[in-house]
Amino acid sequence: MKFKQMVNPAKGLGAVMTGLVLMGTGLSVQAATDEYLLTVTRPNQLHVIDTKTDKLLRSCDVPGTFGNGGIASSPDGKVAYVMTNKWEDVYGFNISDCKIVFSMKQSTPMEQVKSIISMTVSADGKELYTVQNPVKLHKDHFEAIQPRLAVYKTDDGLNAQPVRTYPVDRRITKLGFIEKTSEVILGGGDIKAIDTTNGKVRTLAKLQNWDRSPEGWVPPDAFAMHTMGEHIGEYIMPYFTIKWNGEPGDMEKAEFLWGMTKVDTKTGDVTTGEVLPFEFIVFNWVTDPNDEDIVYGSFNQLSKHNIKEGKTLAVHPMPHTYYNINMLEDGSKIYVGGTSSDISIHDPKTLKKIGSIKLAGDMSTSDLRIAKVQR
Amino acid sequence: MKNRSMKRVLRFGGAVAFLGFASTVSAIDGPQIIKENCLLCHSETGKAEAPFSRISQQRKTPEGWQMTINRMKSQRGLLLKPEDERVLIKYLADTQGLAPSETADFRYVLEREPNVVEQNVPEHLASTCMGCHSGARAGLQRRTTDEWQKLVHFHMGQVPSIEYLAGHRDRPWFQIALNETSTQLGEGYPLVTKAWDDWKAAPKAPLNGDWVMSGFMPDKGEFSATVSVMPNKKDEYTLLVNGYYANGTKLTGSGNAKVFAGYEWRGAVVIDGRKMRQVFAASEDGQSLSGRMFLKNDDVIGGEVFAKKAGKSPVIVSVSPTYIKQGTTQTLKITGSNLSEKISLGKGISVEGVVSKTADHMLVKVKADAKAMVGDRTLAVGASSLDAALAVYDSVARVDITPGESIARIGGNGGPIPKQKSIYRAIGYAAGADGKPGTEDDLKLGYMPATWSLKPFDAVAEEEHDLKYAGKINAQGIFTPGDAGLNPERKMSTNNVGNLAVVGTVTEGGAAVSGEAHLLVTVQDFVKELIQ
């Protein structure tokens, strides 16, 4: 494949903007906020890291077999919900003392239920949401049934049961929560939002069902294995597409593009469109809190891009693959983690490495999230 | 980005559980075994033509039944005595098996042939079902549409990430698989077929008697042998193998074989101290066997085998080499039985004499006239003959390396998974009447001896020194990949993976002609399956 001679992707961007303003402004840091970095390692431990010192504060044992290492934080930062047991169970930990304050198991002997990373918490912290993919276990056969949004009350404590469920699409991965409308963002083939009080679903951005001709475009491959964006309140669903400038299939003339659907989790404002030429694989992206046009990406390299100009600004090669990335609220540090057992800390200006945190086990596919606790 | 994607090549290999050969006898028959062991979860339908839920609505190969029973045991909690299991699998494969014509397109997967690029798979399967295993896995089953749909539901529970995989998640995979693929499978591979009804009703020829076999083992070369097949119990045989490798050294072995559905021959033999497996199909008339024989513990190391039943009249199995150059003299090995010395190869080829003769072959010296016409010749030995047995050619114009696309896997180095090698052979062609190689009229000459080397496949492979790390090829065209594990010498401390070209060179009269194959050296396959 050739990735050279790409046309400025900003050209394509205008045509597909469905949203209003580009979201996310760099919030000024409140001196009264402590930020903790959360991640899970194998065999199955939740780690709490102080971002002031970049030292490990404590490690909490997570019951069950490692799953994907998914984490969602309560809005007050005090409770970390961890997805475990092969994508089935969730435990909520007090991050100050590892106490388990919430738990739920989705599967029953009659039904296998998995959540493919889909987990989020309401803005008031009272509800936890998962998208459940149920398979009925009949005596001599299985039956896959419609996925559903399951709503749990976080103060139901241990062995919580869903208080409401609503049918949703198949193939949903990353969730988010829109504060203004009390909707859960459903990242699937298209990006939708579901009203958590009545189950009404609306489309935020069409991806797989977009209104572009197949002669001109390959339907986007939108996929997320991790959740982040809490540093500024954004939800990013990256996607990959190909623009045929010649005949469909003519790779020589084709453009390979990264697109992004972004949702402002405070207001629900949506922007979507192609932002960068595809130059290398990036697994996850975060936006710079101080400049909404700047994004950082992680995988085999840490990279910095200007999505308004469609330009790669800097590439910092990494010693191994890092699936994951996150940032502090003030934009002072980038954390690159996942895959292996070290979190690499970088300066957003130069991408230079400024520190490292070594953990006891591999992070594998685990989330790397920021919990903000008011002092 | 290093683009390591390639055409889908099947990755076979590794140790396999094999359909049991032990001889403890079960006291009860197939239906009784089902009644006593399966009805905790399955149910009786009350219908004589399909008495048991799920079990009676599908047909598959012995390996297919073995896989299902393995899953019932390992994941559903079935407890089954080994002797009952053997009887049950034989019963199911015999009564709910596939006809020879139904397996013909997919023999490679049963034979565990490595590096097959599947070509016989319908488009709807290719895009929906080949992300994890071969299309042949489905092609080797027959079900009702309802059962194909139940299979899709099974996949959703068994592999919950299935609809999220790259190549699936950009469309409604589940809905497509359930509503479109299953319907097409139900039409293309239905439970009830005339082929199976006819085959089930047809009388089956017993396979005991004397056979003449010709075959190839990558590390030993071509061989010929007589195989005495003695009946044991019904559909079970004892074998004695005696023969010769191409260089004249002797080959001896023995073992046993079991036949399923009247033609699926599964043999376990020890030849010259090495444990081997035979996966053959008997022809419908029971007069020939064809398939593959491979090392039990390294099934990449194996090759094609063909055998014919010996009778009173002469039988020709094969000729090697399959080519002769104009104006040269050559010794041909004719494998067969009761071979007479009345040999003819048509105009322009003279038989100079029989060099030697054994029970399974004859060495014959032949000479091709300088002006002998280029093309295939029929070999006649007494009253029997073999078409296109020998190609007369002017010069080697093209060499193809087979397999053209291949995968090898790093391994060993103290790890639990051995290296998965890959093997290559060179096939020569003459240019044909138009004098241009690579055109339709090229004349296939057959396997030719070659020298072997490796080179980087592309610029990225060169830059990353894949050649240095990914492995080595020997004089027999056997590639052995590098050690497993991260290599600190390499960029990003990567594994000893690589993207290589395998170059085979045939030299003839001072002129060298080369062909190339693509070899992707990749990481271990952690799951080995009976049907890949």
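Predicted model only: the values in this text are computed from it and were never measured. (Residues numbered from 1 in each chain as written. Chains lettered and ligands numbered in written order. Predicted model: local features only at pLDDT ≥ 70, side-chain atom pairs only at ≥ 80, totals over all residues. Heavy atoms only, no water.)

Give me the lowdown on the overall build of chain A, citing residues and values where you can.
Looking only at helices and strands, chain A features 1 helix and 30 strands. Since a compact globule built from 375 residues should have a radius of gyration of about 21 Å, the 20 Å found for chain A is in line with a globular shape. With the C-alpha coordinates of chain A rotated into their principal frame, the extents come out at 55 × 50 × 40 Å. Considering chain A as a whole, with its 375 residues, one finds that 60% of them fall into the buried category. Contacts spanning at least 24 positions in sequence make up 50% of the contacts within chain A whose residues lie at least 6 apart. When the accessible area of chain A is evaluated, it comes to approximately 14700 Å², of which 52% is carbon and sulfur surface. Between the centroid of the 42 positive side chains of chain A and the centroid of its 45 negative side chains there is a distance of 2 Å. (Helix = DSSP H or I, 4+ residues; strand = E, 2+ residues; numbered from the N terminus. Rg over C-alpha atoms; globule rule 2.2 N^0.38 Å. Buried < 20%, exposed > 50% of the residue type's maximum accessible area, 1.4 Å probe, protein only. Contact = heavy atoms within 4.5 Å. Areas by Shrake-Rupley, 256 points an atom, 1.4 Å probe, with all protein chains shown as cover. Lys, Arg positive; Asp, Glu negative; His and termini not counted. Charge placed at Lys NZ, Arg CZ, Asp CG, Glu CD.)

Residues and numbers for the confidence of the model for chain B, please.
Low-pLDDT stretches of the model should not have their predicted coordinates read in fine detail. Residue and element names in this part refer to chain B. Here chain B averages 92 in pLDDT, and 94% of its residues register 70 or above. Long-range and interchain partners of residues 1–7, a stretch whose pLDDT sits below 50, account for 21 contacts in this model, where long-range means more than four residues apart. Counting contacts from residues 11–17, a segment whose pLDDT is below 50, to residues more than four positions away or on other chains yields 31 contacts. If you check the scores for this complex, the pTM reads 0.91 and the ipTM reads 0.89. (pLDDT = per-residue confidence, 0-100.)

Got a sec to walk through the pattern of salt bridges? Specific residues and values, please.
Residue and element names in this part refer to chain B. Within the structure shown, the criterion is met by 44 salt bridges over all chains. Close ionic contact of Lys 90 with Asp 94 constitutes a salt bridge, the shortest N to O distance being 2.6 Å. Of the two residues, Lys 90 and Asp 94 both sit in helix H3 (residues 82–95), 4 residues apart, roughly one turn of that helix. The salt bridge partner of Glu 516 is Lys 455, with a shortest N-O separation of 2.7 Å. (Salt bridge = Lys/Arg side-chain N within 4 Å of Asp/Glu carboxyl O.)

Explain the domain arrangement of chain B to me, and be specific about the residues and the numbers.
Looking at chain B, the domain boundaries give domain 1 (2–98), domain 2 (102–139 + 145–189), domain 3 (209–309), domain 4 (315–393) and domain 5 (398–522). Just the C-alpha atoms count here: the centres of domain 2 of chain B and domain 5 of chain B sit 30 Å apart. (Domains from an automatic or database assignment.)

Any chance you could break down the sheet that holds strand E16 (residues 191–195) of chain A for me, citing the residues and the numbers?
Residue and element names in this part refer to chain A. Strand order in the open sheet formed by 4 strands is E14-E15-E16-E17, with antiparallel pairing between adjacent strands. Two strands close off the open sheet at either side, each with one partner strand: strand E14 (175–178) and strand E17 (201–205). On average, adjacent strands in this sheet sit at an angle of 30° to one another, irrespective of strand direction. Both E16 and E17 contribute to a ladder of 4 bridges, which runs antiparallel. Counted as the bridge partner of Ala 193 is Arg 202 from E17. (Pairing = 2+ DSSP bridges. Axes fitted to C-alpha atoms, helices over the stretch in contact; angles between N-to-C directions.)

For the packing of helix H1 (residues 30–37) of chain B against H3 of chain B, give the residues involved together with the corresponding values.
Residue and element names in this part refer to chain B. Viewed as axis vectors pointing N to C, H1 and H3 meet at an angle of 120°, and their least axial separation amounts to 9 Å. Taken together, H1 and H3 sit at an angle that is classed as oblique. The handedness of the crossing between H1 and H3 comes out as left-handed. Residue-level contacts link Gly 30, Pro 31, Ile 33, Ile 34 and Asn 37 of H1 to Asp 84, Val 87, Leu 88, Tyr 91 and Leu 92 of H3. Taken together, the residues of the contact of H1 with H3 break down into 7 nonpolar, 2 polar and 1 charged. (Parallel < 35°, antiparallel > 145°, perpendicular 65-115°, else oblique. Left-handed = near helix turned anticlockwise from the far one by under 90°. Nonpolar A, V, L, I, M, F, W, Y, C, P; charged D, E, K, R; others polar.)

Quick one: what's the story with the state of the cysteines, residue by residue and with numbers?
For the structure on display, the rule yields 1 disulfide over all chains. Note that Cys 60 of chain A is cross-linked by a disulfide to Cys 98 of chain A, the S-S spacing being 2.2 Å. In this structure, the disulfide formed by Cys 60 of chain A and Cys 98 of chain A twists by about -75° around the S-S bond and is classed as left-handed. In this pair, Cys 60 of chain A sits in strand E3 (residues 55–61) while Cys 98 of chain A sits in the loop between strand E6 (89–94) and strand E7 (100–105), placing the two residues 38 residues apart along the sequence. On the basis of relative accessible area, Cys 98 of chain A is assigned to the partly exposed category, the value being 21%. With no disulfide of its own, Cys 38 of chain B has Cys 41 of chain B as its nearest cysteine by sulfur position, at a separation of 8.7 Å. (Disulfide = S-S within 2.5 Å.)

Give a description of the interface of chain A and chain B that names residues and reports values.
Listed per partner, the contact involves 29 residues of chain A and 26 residues of chain B. Summed over both sides, the interface between chain A and chain B buries roughly 2300 Å², with carbon and sulfur atoms accounting for 60% of that surface. By the criterion of area lost to chain B, the three top residues of chain A are Asp 140, Phe 142 and Arg 171 of chain A, representing 30% of everything that side buries. Summed over the shared surface of chain A and chain B, the result is 2 salt bridges. Across the salt bridge formed by Glu 163 of chain B and Arg 170 of chain A, the nearest N and O atoms sit 2.9 Å from each other. Here chain A and chain B share 12 residue pairs in polar contact (both at pLDDT 80 or more) between them. Here the side of chain A that touches chain B takes 3 residues from strand E11 (residues 142–144) of chain A, the largest share from any one element. Taken together, the residues that form the side of chain A that touches chain B break down as 14 nonpolar, 8 polar and 7 charged. (Buried area = accessible area lost by both parts, 1.4 Å probe. Polar contact = N/O pair within 3.5 Å; in protein donor to acceptor, adjacent residues only side chain to side chain.)

I'd like to hear about the packing of aromatic side chains, residue by residue, with values.
Residues and elements named next belong to chain A. Following the criterion strictly, the structure yields 22 aromatic pairs over all chains and no others. Ring plane angle 85° and centroid distance 6.4 Å describe the contact between Phe 102 and Tyr 152, whose orientation is recorded as edge-to-face. With Phe 102 in strand E7 and Tyr 152 in strand E12 (residues 148–153), this residue pair connects regions lying 50 residues apart in the sequence. Side by side, Phe 102 and Tyr 152 carry an identical accessibility label, which is buried. Where Phe 240 meets Phe 256, the ring centres are 6.4 Å apart and the plane angle is 20°; that geometry is what we call stacked. One end of the pair, Phe 240, is in strand E19 (residues 234–243); the other, Phe 256, is in strand E20 (residues 255–264), and 16 residues separate them in sequence. Look at Phe 240 and you get partly exposed, because its relative accessible area is 24%. Members of the aromatic cluster, each reached through a chain of ring pairs, are Phe 240, Phe 256, Trp 258, Phe 278 and Trp 285. Against the face of Tyr 235 rests Lys 174, its NZ or CZ located 5.7 Å from the ring centre. The ring of Trp 217 has Arg 212 sitting right over it, with the charged end atom 4.1 Å from the ring centre. (Phe/Tyr/Trp six-rings, centres within 6.5 Å; stacked < 30°, edge-to-face > 60°. Lys NZ or Arg CZ within 6 Å of the ring centre and 35° of its normal.)

With reference to specific residues and values, describe unusual backbone geometry.
Of note, the bond from Arg 42 of chain A into Pro 43 of chain A is cis; its omega dihedral lies within 30 degrees of zero at 5°. By the secondary structure assignment, Pro 43 of chain A is in the loop between strand E1 (33–41) and strand E2 (45–50). Backbone torsion omega between Ser 320 of chain B and Pro 321 of chain B reads -10°, so that peptide bond is classified as cis. On the secondary structure map, Pro 321 of chain B appears in the loop between strand E11 (315–320) and strand E12 (323–325). One non-glycine residue, Ala 388 of chain B, lies in the positive phi region at around 45°. Within the element layout of this structure, Ala 388 of chain B appears in strand E18 (residues 384–393).

For the sheet that holds strand E27 (residues 334–337) of chain A, give the residues involved together with the corresponding values.
Whether parallel or antiparallel, the strands of a sheet pair through hydrogen bonds between backbone atoms. All names here are of chain A. Read from one edge of the open sheet, 4 strands run E26-E27-E28-E29, paired in antiparallel fashion. Where the open sheet ends on each side, the last strands, each with one partner, are strand E26 (324–327) and strand E29 (353–358). Averaged over all neighbouring strand pairs, the angle between strand axes comes to 20°, with direction disregarded. With 3 bridges joining them, E27 and strand E28 (residues 342–346) adopt antiparallel strand pairing. Considered in E28, the bridge of Val 336 is made with Ser 344.

Provide a residue-level description of the nonpolar core, including the pertinent values.
Residues and elements named next belong to chain B. Membership of the largest hydrophobic core comes to 65 residues, with the highest contact counts inside it found for Phe 223, Leu 239, Trp 265 and Ile 271. Counting the residues that make up this core, at least three belong to each of domain 2 (102–139 + 145–189) and domain 3 (209–309). Ignoring sequence-local partners within four residues, the contact set of Ile 271 consists of Val 241, Tyr 245, Leu 251, Thr 252, Gly 253, Met 276 and Met 293. Counting 27 residues, the second largest nonpolar core, distinct from the first, contains Val 396, Leu 454, Val 506 and Ala 517. (Core = buried A, V, L, I, M, F, W, Y, C linked by side-chain atoms within 4.5 Å.)

Give me the lowdown on the side chain of Ser 341 of chain A, citing residues and values where you can.
Residues and elements named next belong to chain A. As for its placement among the helices and strands, Ser 341 is situated in the loop between E27 and E28. Side-chain polar atoms of Ser 341 contact the side chain of Lys 358, separated by 2.7 Å. Filtering out sequence-adjacent residues up to four positions away, Ser 341 remains in contact with Ile 357, Lys 358, Leu 359, Gly 361, Asp 362 and Met 363.

Tell me about H1 of chain B, residues and numbers included.
All names here are of chain B. Along H1, the residues that are buried comprise Gly 30, Ile 33 and Ile 34. Angular distribution of buried residues about the axis of H1 spans 100°; they occupy a single face of the element. On its buried side, H1 packs onto H3. (Arc of directions from axis to C-beta.)

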